[in-house]
Amino acid sequence: MPGCSLWLIPPLESPLNTSLSNLIKDKIPPLFKEPCIPFEPHMTITSCLPCEIDEPDELLKRIEFGDGDEGVPEVKFNEVVAGETFFTRLTLHLERNPQLVKLAQQCREKFTVNTGDVSAEEWVKTFVPHVSLLYSSEKVPLELCKKEVEKEGIEMGQCAWKGGRIVVVDTWRKLEDWKVIASRDI
């Protein structure tokens, strides 16, 4: 993945974070032949940040949420989807709400590099908010994966989490070497 990325992370102490971690690390991988590299549960806000960020904590302070509870991002799951690419192979698609779209567009405008001629306003039109459950090149046994998601108590159409944390992750490294380099509670 080019450069660093901004992720929205569920509250660490939440049962949802535990359920998503269980799916990513323990429940979904046995359904595949190739080894699966685990990662933290997250929604990618945007990638394409510079590889080296001098003051990542300062970068996070520049993200605006508005006043009160209204601007705080809310995550609702819509459906389990088998994607076509390595990084979208198995995802929980999210409701595309104004808070998530505004957050993604703002971050794309302020922080990204090397995005070609595509403006943040154009890019956000194709933004598909999702939580990845697996990175893989294998075909997904979708129905089996859906059953595992259901067993973990993940409900579609309900508020999964509100707020959480925004983190900067050095996704330009090999997947197994990704790490959070800055974090901000919302």
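Residues numbered from 1 in each chain as written. Predicted model: local features only at pLDDT ≥ 70, side-chain atom pairs only at ≥ 80, totals over all residues. Heavy atoms only, no water.

Outline the pattern of salt bridges, listing residues and values.
Two side chains bearing opposite charge may form a pair once their charged atoms approach each other closely. Per the stated rule, a full pass over the model turns up 10 salt bridges. Residues participating in the shared-partner salt-bridge network are Asp170, Arg173 and Lys179. (Salt bridge = Lys/Arg side-chain N within 4 Å of Asp/Glu carboxyl O.)

So, helix 3 (residues 98–111): which residues are in play, and what are the values?
Helix length check: helix 3 (14 residues) gives 20 Å between terminal C-alpha atoms against 20 Å at 1.5 Å per residue, within 8%. For helix 3, every residue scored as buried is listed here: Leu100, Val101, Leu103, Ala104, Gln106, Cys107, Arg108 and Phe111. Of the residues that open helix 3, the one with a side-chain oxygen 3.2 Å from the backbone nitrogen of glutamine 99 is asparagine 97. (Helix = DSSP H or I, 4+ residues; strand = E, 2+ residues; numbered from the N terminus. Expected span 1.5 Å × (residues − 1). Buried < 20%, exposed > 50% of the residue type's maximum accessible area, 1.4 Å probe, protein only. Polar contact = N/O pair within 3.5 Å; in protein donor to acceptor, adjacent residues only side chain to side chain.)

Before we move on, could you go through the nonpolar core and cite the residues and values that matter?
The biggest cluster of nonpolar side chains holds 52 residues, and the ones touching the most others in it are Leu6, Leu20, Ile45, Ile63, Phe77, Leu92 and Ile166. The biggest single contributor to this core is helix 3, with 6 residues. In contact with leucine 92, not counting residues within four places along its chain, are Leu20, Phe77, Glu79, Val80, Pro129, His130, Val131, Leu133, Val149, Ile154 and Met156. (Core = buried A, V, L, I, M, F, W, Y, C linked by side-chain atoms within 4.5 Å. Contact = heavy atoms within 4.5 Å.)

Any chance you could break down the pairing of strand 4 (residues 90–94) for me, citing the residues and the numbers?
For a regular strand, side-chain orientation follows a simple rule: the groups alternate between the two sheet faces. Among the 5 residues that make up strand 4, 4 are buried, leaving the element largely enclosed by the rest of the structure. In this sheet, strand 4 lies alongside strand 3 (residues 74–82) in antiparallel orientation, the contact comprising 5 bridges. Within the sheet, the bridge partner assigned to glutamate 79 lies in strand 4 and is histidine 93. Bridging between strand 4 and strand 5 (residues 130–134) involves 4 bridges; their strand directions are antiparallel. (Pairing = 2+ DSSP bridges.)

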